[in-house]
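Okay, here's what each chain looks like letter by letter:
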Amino acid sequence: MTKDPILKAKNIVKYFYDPATFKALNEVSFVAYKGEFLTLMGKSGCGKSTLLYCISTMDTKYEGELVLNDKLVTGLSPNKMAQIRNEYIGFVFQFHYLLPEFTCLKNVMIPALKLNKLSHQEIEERAYQKLEILGLKDQAHKQANKLSGGQQQRVSIARALINDPAIILCDEPTGNLDSKNTQIVFDIFKQLASENGQTIIAVTHDNDFAKASDRTIEMADGKIIG
Amino acid sequence: MKKSVNIEIAYTHIITRKTATFIAAVGVAIGVGVYLFMNSLSSGFTKFSRDNTFVSNAHIKVYVKDKISSTIIPHSSKTSYIINNSQILDLSKKLYNPDQLLQTIKNQPFVINALSLVEYSVNFRRGSSELKGSAVGVDMNEYAKMFNTNKYMIAGSTNSLKENLLGVIIGQGLAKKLSLQMGDNLTISSNEGVIQVLKIVGIFRMGNPSMDEGRCFVNLSIGRQMLKTSADYVTTLYVNTVDPDKAEDYAKMLISYTDYEVENWQISSAELLSADKTRIIMMGSISLTILIVAAFGIYNILSSTINQKINDIAILKAIGFNGTDVIKIFMLEALIMGVIGTAMGLLLGAGLIGIVSNIYMGGPVGYFPIYFEFPLFLKSFILGIIIILCAGYFPAKNAANVDPVSIFRK
Ligand SMILES: Nc1ncnc2c1ncn2[C@@H]1O[C@H](COP(=O)(O)OP(=O)(O)OP(=O)(O)O)[C@@H](O)[C@H]1O
Ligand SMILES: [Mg+2]
């Protein structure tokens, strides 16, 4: 397999100043490759989410450099970053999932409507497909806040996939899921990585999940330890 | 397409929060409704007082201005001066060549109507009562045509002066004060010392005390007689134009034809106009304040909407919506509330105007002077929308600045 780097983090340092100055990320450097299924592990509070927010371009207050697809992202304008997020990055959140007043289908469609590359009908078809993959086709027209936590998490995974992003970032994507659905999500990620060449970076506390991935990065106290 | 997803989100927010939307709209409606109503009221009053002005005042008057004597007069010796008290020179108020001037004025394209008359001060006497007032000697038929005087006659007609050389038409107030009735005789004396006993052939009521209690109309020839002047004597020309609001410009144009004083009605009715102005400013500022208070209501509701939706905003930003998109979404929501509220407000205002315009005031006023004025509806609508957009902008701007990471960490 050729190893094309898709994302490079170079010496990322992140401080929090409230309540006291605290170095949450300490010179974190790593490379993620195209078509790689990466997992990120470490004790609670070691800085996994913080790192994910930095590489998602949502958090811009860090030192170091972030290179996406050979382009330096650090220091771009907020609008440019929003556009990059929309097109190249899918994000699955740890706690907050969906827009409650919209149907599941609409939630999945919105990033694609925003990207505005396909017709409304094509987007709708794709959204159905993604929901079907995650076993939620029958819930498509339900309002998002009427779903169980696990269902909501799966809808948010479907939403992260809609624009076929180069990178999918997940913060404990299977945290609320039973073993069957965890397996489904795992298989989807595996498939996306190997067949579509998409890169997955997933934070997890699940050892089996991590072991089965292509590579696991271990973190402790804001540093990569292996 | 890019726009449509923002519209879709705004629309969904609005219809899933019907109560808040409705309350915001009602706030706007009250503000806009009251604004429209108060401004219609103010405009109605102004129209009424202006109509009242034109019952007896021409748009433009031409007359001889009082000349004041100079205080320093050079002496014939050329080395000394005579110092004098300044005083009104007792020059004649006669307009020279009035017919020619009248004709020139009538030929102006903006003049609809013009006539000449004599104006002078008189004393009305009956028995031992005596009242001061003024007389107008005029061709009453022409005058009535110009001022629509027949509308205000409560007894007799304007035509009767023509049939009675020694007739007089007086106001209702004067008739009451001197207990006069149609057919009674009234003694009138001029400053020139001429006394006439005239028969009352008409009584008018114009709703204006200075007219109803102090003005009488006589034939032009009687007027000239009482001033001891010749047959072509005229003191004043009255001119009505196509647009009273432009009277000042018209007056300026007429100045080039004459050396006499040309005075537009805004000058002679300055007092009235300043009262109008005061009322317009007062009502305008009160109603604008109410509208602004309503805008604060909108501001509040939008702010709280945005606080409740802060998660959604963070999610939208995470999936690639930028600050401008967020502003558009919330401004659109403000606009929707604004349009609904403003439309309701116009209906409310129209309802109030409808009710009040049906109140009968009696007397010369008749129905309450308030009207449906389209420009005011338009103005209220535009102002309502502008104020709502301003009120919506600040919360929307705050929403655009939401930092998604800080929300996701909570
Ligand atoms: N807004 C903040 N202000 C101050 N400190 C913060 C803030 N957010 C996170 N931290 C600190 O940074 C460290 C890393 O937090 P982070 O959320 O990245 O942990 P994590 O590895 O994702 O943990 P978990 O597995 O529990 O989700 C923690 O010690 C946390 O207390
Ligand atoms: Mg975390």
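Residues numbered from 1 in each chain as written. Chains lettered and ligands numbered in written order. Predicted model: local features only at pLDDT ≥ 70, side-chain atom pairs only at ≥ 80, totals over all residues. Heavy atoms only, no water.

Q: I would appreciate a short explanation of the sheet that holds strand β1 (residues 5–16) of chain A in the present structure.
A: Backbone-to-backbone hydrogen bonds pair the strands of a sheet. The strands run either parallel or antiparallel. Residues and elements named next belong to chain A. Taken together, 4 strands build an open sheet; the order of strands is β2-β1-β4-β5 and the sheet is antiparallel. What marks the edges here is a single partner per strand, and that holds for β2 (22–33) and β5 (71–72). Inspection of the sheet shows β1 paired to β2 by 8 bridges, in the antiparallel sense. The residue bridging A9 from the neighbouring strand is F30, located in β2. (Pairing = 2+ DSSP bridges. Helix = DSSP H or I, 4+ residues; strand = E, 2+ residues; numbered from the N terminus.)

Q: Even after reading the chapter, I still don't get the side chain of N39 of chain B, so can you show me in this structure?
A: Residues and elements named next belong to chain B. Following the sequence through the fold, N39 ends up in helix α2 (residues 18–56). In terms of polar contacts, N39 uses its side chain to reach the backbone carbonyl oxygen of Y35, at 2.8 Å. Apart from the residues lying within four places of it in its own chain, the contact partners of N39 are G284, S287, L376 and K379. (Polar contact = N/O pair within 3.5 Å; in protein donor to acceptor, adjacent residues only side chain to side chain. Contact = heavy atoms within 4.5 Å.)

Q: In this structure, what is going on with the interface of chain A and chain B? I would like to understand it.
A: Buried accessible area, meaning the area lost when the parts come together, often serves as the stated size of an interface. With 29 residues of chain A at the contact, the number on the chain B side is 29 residues. In total, about 2,600 Å² of surface goes out of reach between chain A and chain B, with carbon and sulfur atoms giving 61% of it. One can count 4 salt bridges joining chain A with chain B. Between E101 of chain A and K309 of chain B there is a salt bridge, with the nearest N and O atoms lying 2.2 Å from each other. Between the two partners, chain A and chain B, sit 7 residue pairs in polar contact (both at pLDDT 80 or more). If you list the elements that add at least two residues to the side of chain A that touches chain B, you get α1 (48–55), α2 (78–88) and α3 (104–115) of chain A. By residue number, the principal contributor to the side of chain A that touches chain B is α3 of chain A, which donates 5 residues. A per-class count over the side of chain A that touches chain B returns 15 nonpolar, 7 polar and 7 charged. (Buried area = accessible area lost by both parts, 1.4 Å probe. Salt bridge = Lys/Arg side-chain N within 4 Å of Asp/Glu carboxyl O. Nonpolar A, V, L, I, M, F, W, Y, C, P; charged D, E, K, R; others polar.)

Q: Explanation requested: the confidence of the model for chain B in the structure shown.
A: Reading predicted coordinates in detail is not appropriate for stretches of low pLDDT. Per-residue confidence for chain B averages 88 on the pLDDT scale, and 97% of its residues sit at or above 70. Here the predicted complex scores 0.78 on pTM and 0.93 on ipTM. (pLDDT = per-residue confidence, 0-100.)

Q: Would you mind going over the sheet that holds strand β8 (residues 199–203) of chain A with me for this structure?
A: Residue and element names in this part refer to chain A. Read from one edge of the open sheet, 6 strands run β6-β7-β8-β3-β9-β10, paired in mixed fashion. Only two strands of the sheet have a single partner each, and these edge strands are β6 (89–92) and β10 (223–224). Across 2 bridges, strand β9 (residues 215–220) lies against β10 in antiparallel orientation. Across the sheet, the residue bridging to M219 is I224, located in β10. Strands β3 (37–42), β6, β7 (167–171), β8 and β9 of the sheet are contacted by α1, whose axis makes an angle of about 150° with β7. With respect to the sheet, α2 is in contact with β6 and β7, its orientation differing from that of β6 by roughly 80°. (Axes fitted to C-alpha atoms, helices over the stretch in contact; angles between N-to-C directions.)

Q: Where do I start with the site of ligand 1 in this structure?
A: Near ligand 1 you find 16 residues, and of these S44, G45, K48, S49 and T50 of chain A are the closest. At the site occupied by ligand 1, the surrounding residues belong to chains A and B. G45 of chain A is positioned with one of its backbone polar atoms (N or O) 2.8 Å from an oxygen atom of ligand 1. Between ligand 1 and R409 of chain B, the relevant distance is 3.2 Å, taken from a nitrogen atom to a side-chain nitrogen or oxygen of the residue. Taking 630 Å² as the accessible area of ligand 1 by itself, protein coverage stands at 69%. (Near = heavy atom within 4 Å. Areas by Shrake-Rupley, 256 points an atom, 1.4 Å probe, with all protein chains shown as cover.)

Q: Help me out: how do you make sense of unusual backbone geometry in this one?
A: Most of the time, phi is negative for any residue but glycine, and the peptide bond is trans. Residue and element names in this part refer to chain A. Geometrically, the link from D18 to P19 is a cis peptide bond, its omega value of 5° lying close to zero. Here P19 lies in the loop between β1 and β2. We note that N116 has phi near 60°; this positive angle belongs to a residue other than glycine. Checked against the element boundaries, N116 lands in the loop between α3 and α4 (120–133). Within the chain, D221 stands out as a residue other than glycine whose phi angle is a positive 50°. Along the chain, D221 turns up in the loop between β9 and β10.

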